[in-house]
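# Overview (structure and organization)
Each chain, written out:
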Amino acid sequence: NSLWHGLVSLLVAIVYSLPAMGIMMRCLGGSIAVLATGAKCNSGLAAAGGLAALGMMGIAAFGFTVLCYMFSPAIALQYCKAYQFGDCFKFGEIFATMLRSPMDYLMLVLPFLLYLGVMFIPVANLVIGPLVLLMTSHLIGQYGAQVMDMANNTAVANKDVGFSRF
């Protein structure tokens, strides 16, 4: 059952990232085309433009990653309420979850933002990454229990788990 919930969570993450992946792939193709054209014609200006486009795409991807993480705790809590795929796309309830206690919700996002500072150091990434994941998961559970009244720990019947309300 836990594997099923993990696969549904992965599917939700893929669905939420599809628009960004499409935009990034289109920009990457354009940047590579400009780089190839600049290299073929020995044009330093075209090559510099292609590199600048790649850099801008990296900055946009970084910003989108931070934006996605801002919403992911609320989306995870929405799924944990009834274990339904469709509940992950109820945007009104997701925003309501974030705004019930904004300062407490910010505490869910801060560990990830701190992790971004050491993300590019390989050894620190191996140690701090799992610790941040454990700490953030624990905080998300506490937020759900205290702010959203999800502390009863009652299991959802197996027939209701999955795609039945999508």
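Just so it is clear, the model here is predicted, and its values are computed rather than measured. (Residues numbered from 1 in each chain as written. Predicted model: local features only at pLDDT ≥ 70, side-chain atom pairs only at ≥ 80, totals over all residues. Heavy atoms only, no water.)

## Notes on the pattern of salt bridges
Note the following rule: We define a salt bridge as a side-chain nitrogen of Lys or Arg found within 4 Å of a carboxyl oxygen belonging to Asp or Glu. In DSSP terms, a helix is any run of H or I states spanning at least four residues, a strand is any run of E spanning at least two, and both are numbered starting from the N terminus. Any residue under 20% of the maximum accessible area for its type is buried, any over 50% is exposed, and the rest in between are partly exposed; the area is computed with a 1.4 Å probe on protein chains only.
Enumeration over the complete set of coordinates arrives at 2 salt bridges. A salt bridge links Glu-93 to Lys-81; the shortest N-O distance between them is 3.9 Å. Here Glu-93, found in helix α3 (residues 91-99), pairs with Lys-81, found in helix α2 (residues 44-82); they are 12 residues apart in sequence, far enough to count as distant. When its relative accessible area of 36% is taken as the criterion, Glu-93 is described as partly exposed. In this structure, the salt-bridge partner of Lys-90 is Asp-87, at a minimum N-O distance of 3.0 Å. The exposure class assigned to Asp-87 is buried, which follows from its relative accessible area of 6%.

## Section: the state of the cysteines
We apply this condition: The disulfide criterion is simple: two cysteine sulfur atoms within 2.5 Å.
In the structure shown here, the tally under the stated rule is 0 disulfides. As a non-bridged cysteine, Cys-80 has Cys-88 as the owner of its nearest cysteine sulfur, 8.6 Å distant.

## Topic: the confidence of the model for the protein
Under the convention used in this document: A residue's pLDDT is the confidence the predictor assigns to it, expressed on a 0 to 100 scale.
Taken residue by residue, the protein gives an average pLDDT of 79. The fraction at 70 or more is 87%. Across the protein, element-level confidence peaks in α3 with a mean pLDDT of 90 and bottoms out in helix α1 (residues 2-40) with 79.

## A short note on the environment of Ala-145
Assignment of secondary structure puts Ala-145 in helix α5 (residues 122-146). Note: C-alpha distance between Ala-145 and Leu-77 (68 residues apart in sequence) is 9.9 Å.

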